[in-house]
Amino acid sequence: MNANFYEQVYAVVRRIPPGKVTSYGRIARMLGRNRAARAVGYALNGLKDRHDDPAYDDIPWQRVVNSKGHISIVNREFSANLQADLLLSEGIPVTDELRILNFNQYLWEGLPLGELEAIIEGREVG
DNA sequence: ACAGTGACAACAT
DNA sequence: TATGTTGCCACTG
């Protein structure tokens, strides 16, 4: 259940401020797993099974897109549009093709090394 | 223990 | 530039 990597991913995503976005690959690199981008997506996918749990309600999953700034939820029309709406409500411009305009302008800088270290070592506050 | 899978990303045409 | 192909990693049954 408590896959450590998932929890690390959630901890990072929780820190993404409103109006900012990042990518699956960048999160993977923050956690020291340079090529675990797919696993990050897999972790976020797991949220749909826990949306009842309040502990996972505060995770701004909508702020994670792919490396090109595209919303990556394909074959899931409803969720993809929901993600676009959520981003728009934060002031992030999303085209009707589900692409973020001026993606690099909204990119999140990431966490300070110390905070990342805490998350990786399981000392995150939560 | 092992093979299949997916909200990715980097390359190769 | 635009597609198609090939690694990747963590999780699951």
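Residues numbered from 1 in each chain as written. Chains lettered and ligands numbered in written order. Predicted model: local features only at pLDDT ≥ 70, side-chain atom pairs only at ≥ 80, totals over all residues. Heavy atoms only, no water.

Chemist: Just checking my understanding: could you explain the packing of aromatic side chains for this structure?
Modeler: What describes a pair of aromatic rings is the distance from one ring centre to the other and the angle between the planes of the rings. A full pass over the atoms with the stated rule returns three aromatic pairs. Relative to Tyr42, the ring of Tyr6 has its centre 6.4 Å away and its plane inclined at 55°; by these criteria the two rings are tilted. Remark: Tyr42 occurs in helix α3 (residues 37–45) and Tyr6 occurs in helix α1 (residues 4–14); sequence separation between them is 36 residues. In this structure Tyr6 comes out as buried when scored by relative accessible area, which is 16%. (Phe/Tyr/Trp six-rings, centres within 6.5 Å; stacked < 30°, edge-to-face > 60°. Helix = DSSP H or I, 4+ residues; strand = E, 2+ residues; numbered from the N terminus. Buried < 20%, exposed > 50% of the residue type's maximum accessible area, 1.4 Å probe, protein only.)

Chemist: Please explain the environment of Ser89 as it appears in this structure.
Modeler: Note that Ser89 resides in helix α4 (residues 77–89). The sequence separation of Ser89 and Gly69 amounts to 20 residues, and the corresponding C-alpha distance is 17 Å.

Chemist: Is there a simple way to explain the side chain of Ser23 in this structure?
Modeler: Structurally, Ser23 is set in strand β1 (residues 22–23). Once you skip the residues sitting within four places of it in the chain, Ser23 turns out to touch Val64, Val65, Asn66 and Ser67. (Contact = heavy atoms within 4.5 Å.)

Chemist: Explanation requested: α1 in the structure shown.
Modeler: Every α-helical turn comprises 3.6 residues, leaving residues that sit three or four positions apart pointing alike. Within α1, nine of the 11 residues are buried, leaving the element largely enclosed by the surrounding structure. Within α1, the full set of buried residues consists of Phe5, Tyr6, Glu7, Gln8, Val9, Tyr10, Ala11, Val12 and Val13. Along its buried surface, α1 packs onto α2 (24–30), α3, β2 (64–65) and α6 (113–120).

Chemist: Even after reading the chapter, I still don't get the environment of Ala36, so can you show me in this structure?
Modeler: Note on placement: Ala36 falls in the loop between α2 and α3. Here Ala36 falls in the buried class, since its relative accessible area comes to 16%. Setting aside its immediate chain neighbours within four residues, Ala36 contacts Phe5 and Ala28.

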